[in-house]
Amino acid sequence: MDDKDTLTVAVADTTVTRGRINLQELKLDELTSGMSAFVSQIGRILQQTQEHVGPFQFDSLEVSAQISGKGQFVLLGVGGEAGAMGGIKLTFKRNAAPQ
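What comes next concerns the included structure. (Residues numbered from 1 in each chain as written. Predicted model: local features only at pLDDT ≥ 70, side-chain atom pairs only at ≥ 80, totals over all residues. Heavy atoms only, no water.)

## A look at the packing of aromatic side chains
Formally: Between the rings of Phe, Tyr and Trp (Trp by its six-membered ring), a pair exists once the centres lie within 6.5 Å; its type follows the angle of the planes, with under 30 degrees stacked, over 60 edge-to-face, and the other angles tilted. By the criteria applied, helices consist of DSSP H or I runs no shorter than four residues and strands consist of E runs no shorter than two, each listed in order from the N terminus. Partly exposed residues are those whose accessible area sits between 20% and 50% of the maximum for their type, while under 20% is buried and over 50% is exposed, using a 1.4 Å probe and protein chains only.
If you walk through the whole model with that rule in mind, you get one aromatic pair. Centroid distance phenylalanine 38 to phenylalanine 73: 6.3 Å. Interplanar angle 35°. Geometry classified as tilted. Residue phenylalanine 38 is found in helix α1 (residues 28–47), and its partner phenylalanine 73 is found in strand β6 (residues 73–75); the two are separated by 35 residues along the sequence. Of the two residues examined, phenylalanine 38 and phenylalanine 73, each falls in the buried class.

This is the structure:
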């Protein structure tokens, strides 16, 4: 397989408590599909979110995700062990209202 068709991703072995890391070659097509699904799901959440909360305006949302060994993008929650791992940070910002 051509190097341009894959991306090396460090994946934590979840069966080991000491956090062994494995390098895996993932197909770009799988990563593209996983990213598209993740962004679409976050978009659905944002469409249901109100713009204002009391006197505050909701301007943007920052989410952190990790890539699974299967190319899926997984939203990081609070209290997980992912703090020591790298990830992807995405910031979704509202479009400015037309004037």
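The discussion continues.
## Here we look at α1
Heads up, the condition is: Given the number of residues in a helix, its expected span is that number minus one, multiplied by 1.5 Å. This arc corresponds to the set of directions leading from the helix axis out to the C-beta atoms. The criterion used for residue contact is that any of the two residues' heavy atoms lie within 4.5 Å.
Taking 1.5 Å per residue as the helical rise, α1 with its 20 residues ought to reach 28 Å, and the 28 Å between its terminal C-alpha atoms agrees with that figure. Restricting attention to buried positions, one finds in α1 the residues Leu31, Gly34, Phe38, Ile42 and Leu46. The buried residues of α1 occupy an angular sector of 110° when projected down its axis, which confines them to one face. Exposed and facing more than 90 degrees away from the buried side of α1 are Asp29, Arg44 and Gln47. Buried positions along α1 lie against β1 (6–12), β2 (21–27), β5 (60–67), β6 and β7 (88–93).

## Some details on the environment of methionine 35
Relative to the elements of secondary structure, methionine 35 occurs in helix α1. The partly exposed category is assigned to methionine 35, whose relative accessible area is 27%. For methionine 35 and isoleucine 67, which are 32 residues apart along the polypeptide, the C-alpha to C-alpha distance reads 9.0 Å. Those residues in contact with methionine 35 that sit more than four places away from it in its chain are Phe73 and Leu90.

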